[in-house]
Amino acid sequence: MSEVMKMHPQNGGFEWIDHEGPYRLLDEEQVRQYDEQGFLVIEDVFDADTLASLIADFDPAEAEFEAVIRDQFGGKAFIVRAGEITFTTHLVRRFESARAFTRSAFFCDLVHDLLGPDVRLYWDQAVYKKPGMADPFPWHQDNGYTYIEPQQYLTCWVALTDADTENGCPIVAPGVHRRGTLAHRLTDLGFQCFEEPPCKPVVAPVRAGGVVVFSSLTPHKTGPNSTQNRHRKAYIVQFAPDGAEVIRIEGEDEIRTPCNAEDRQFRILTAGQIVG
Ligand SMILES: O=C(O)CCC(=O)C(=O)O
């Protein structure tokens, strides 16, 4: 195996499991694409009113968070850079709009199709890329940030504003998800699994209200925001099978933490039924 595609040290014997129906939302062709390429773009899912109510809550929260990063952390903390890119996390703790959104019929049906009958919200964050931001967000898998088992969980990158090649839409490396979690190294811009993908990347522009659905194992990046005045706003919601655990190695010990914090990792589906 080439050096650029080293496996994550905790990823032993991973096997991608292809999905089987019956499905509630997706058709056979969409599921086949997800299994083979690791992503789907679904346009026109959420209407303008839904997006507006999320943005009305998220914008002040993001501005407040960015001010803290600027004033108390010299403008940079881990992958957050004031005036460039911000990650405002756990919005479901603060906003009913976000809680209701993550439990919307679209996600309930999608997670049924791609994760099964027992699912929790795993993570949520708004990611804003500011105009004139010159850097890409590097190639990574979401399971390369915090290692979780099962490795195969789900990321939904929801466009709150139109996302295109000018303002930093997602770009994915199709097919690589089937190998499981890759080794990542920390760069100044974020964790990175390779500089160039071992396959032809696919650019995934998406209009406001659309969703780029990908696996936690699908390498993806986003480009710079080279526009003068178009903020690129996304809300990323991730779902994992109930029982998923974060696994950390500390010395000789393997520390397992269940992803079941009730305030932000609540149940979405139980035995296939919508919860809440
Ligand atoms: O939305 C972005 O620009 C990058 C965010 C991302 O890829 C992630 O949070 O995994």
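Presented here is a report on the structure given in the accompanying data block. Remember, predicted model here, so these are calculated numbers, not experimental data.

### A look at helix α2 (residues 48-72)
Across its 25 residues, α2 extends 35 Å between first and last C-alpha, which sits within 8% of the 36 Å expected from 1.5 Å per residue. Of all the bends in α2, the largest measures some 25° and sits at F58, one to four residues before the proline P60. Of the residues making up α2, those classed as buried are L51, L54, I55, F58, A61, E62, E66 and I69. With its phi angle positive at about 65°, G74 sits one or two positions after the end of α2.

### Concerning the sheet that holds strand β16 (residues 245-250)
What links the strands of a sheet is backbone hydrogen bonding, and the strands pair in either a parallel or an antiparallel sense. With respect to topology, 3 strands assemble into an open sheet ordered β7-β16-β17, the strand pairing being antiparallel. Only two strands of the sheet have a single partner each, and these edge strands are β7 (148-149) and β17 (253-258). Both β16 and β17 contribute to a ladder of 6 bridges, which runs antiparallel. Across the sheet, R248 pairs through a bridge with I255, a residue of β17.

### Concerning the side chain of K233
For K233, the position within the fold is in strand β15 (residues 232-241). According to the relative accessible area criterion, K233 is buried, its value standing at 13%. For K233, the side chain forms a polar contact with the side chain of D59, separated by 3.0 Å. When near neighbours in sequence (up to four residues on either side) are disregarded, K233 contacts I55, D59, V127, Y128, V158, A159, L160 and T161.

### Topic: the environment of T102
Of note, T102 is situated in helix α3 (residues 96-102). Residues T102 and F239, spaced 137 residues apart in sequence, show a C-alpha to C-alpha distance of 9.2 Å. Once residues within four sequence positions are removed from consideration, T102 is found in contact with V92, F107, L121, Y235, V237, F239, F266 and I268.

### Description of the site of the ligand
As a matter of local geometry, the ligand sits amid F87, Q125, V127, K129, F137, H140, D142, W157, H220, T222, R232 and I236. One of the side-chain nitrogen or oxygen atoms of Q125 is found 2.9 Å away from an oxygen atom of the ligand. Side-chain polar atom of H220 to an oxygen atom of the ligand: 3.1 Å apart, as the coordinates give it. Taking 290 Å² as the accessible area of the ligand by itself, protein coverage stands at 95%. Looking at the shell around the ligand, the elements that each hand over two or more residues are β5 (119-129), β6 (137-140), β14 (220-222) and β15. Counting residues per element, the shell around the ligand draws most heavily on β5, at 3 residues.

### Concerning the pattern of salt bridges
By the definition in use, this model includes 24 salt bridges. Linking K76 and D188 is a salt bridge whose minimum nitrogen-to-oxygen distance equals 3.6 Å. Residue K76 is located in strand β2 (residues 76-77), and its partner D188 is located in the loop between β10 (185-186) and β11 (191-192); the two are separated by 112 residues in the primary sequence. By relative accessible area, which is 32% here, K76 ends up partly exposed. On the basis of relative accessibility, which here comes to 59%, the residue D188 falls in the exposed class. A salt bridge links E250 to R248; the shortest N-O distance between them is 2.1 Å. In this structure E250 comes out as partly exposed when scored by relative accessible area, which is 41%.

Parameters and conventions
Residues numbered from 1 in each chain as written. Predicted model: local features only at pLDDT ≥ 70, side-chain atom pairs only at ≥ 80, totals over all residues. Heavy atoms only, no water. Helix = DSSP H or I, 4+ residues; strand = E, 2+ residues; numbered from the N terminus. Expected span 1.5 Å × (residues − 1). Bend = angle between axes of the 7 residues up to and from the residue. Buried < 20%, exposed > 50% of the residue type's maximum accessible area, 1.4 Å probe, protein only. Pairing = 2+ DSSP bridges. Polar contact = N/O pair within 3.5 Å; in protein donor to acceptor, adjacent residues only side chain to side chain. Contact = heavy atoms within 4.5 Å. Near = heavy atom within 4 Å. Areas by Shrake-Rupley, 256 points an atom, 1.4 Å probe, with all protein chains shown as cover. Salt bridge = Lys/Arg side-chain N within 4 Å of Asp/Glu carboxyl O.

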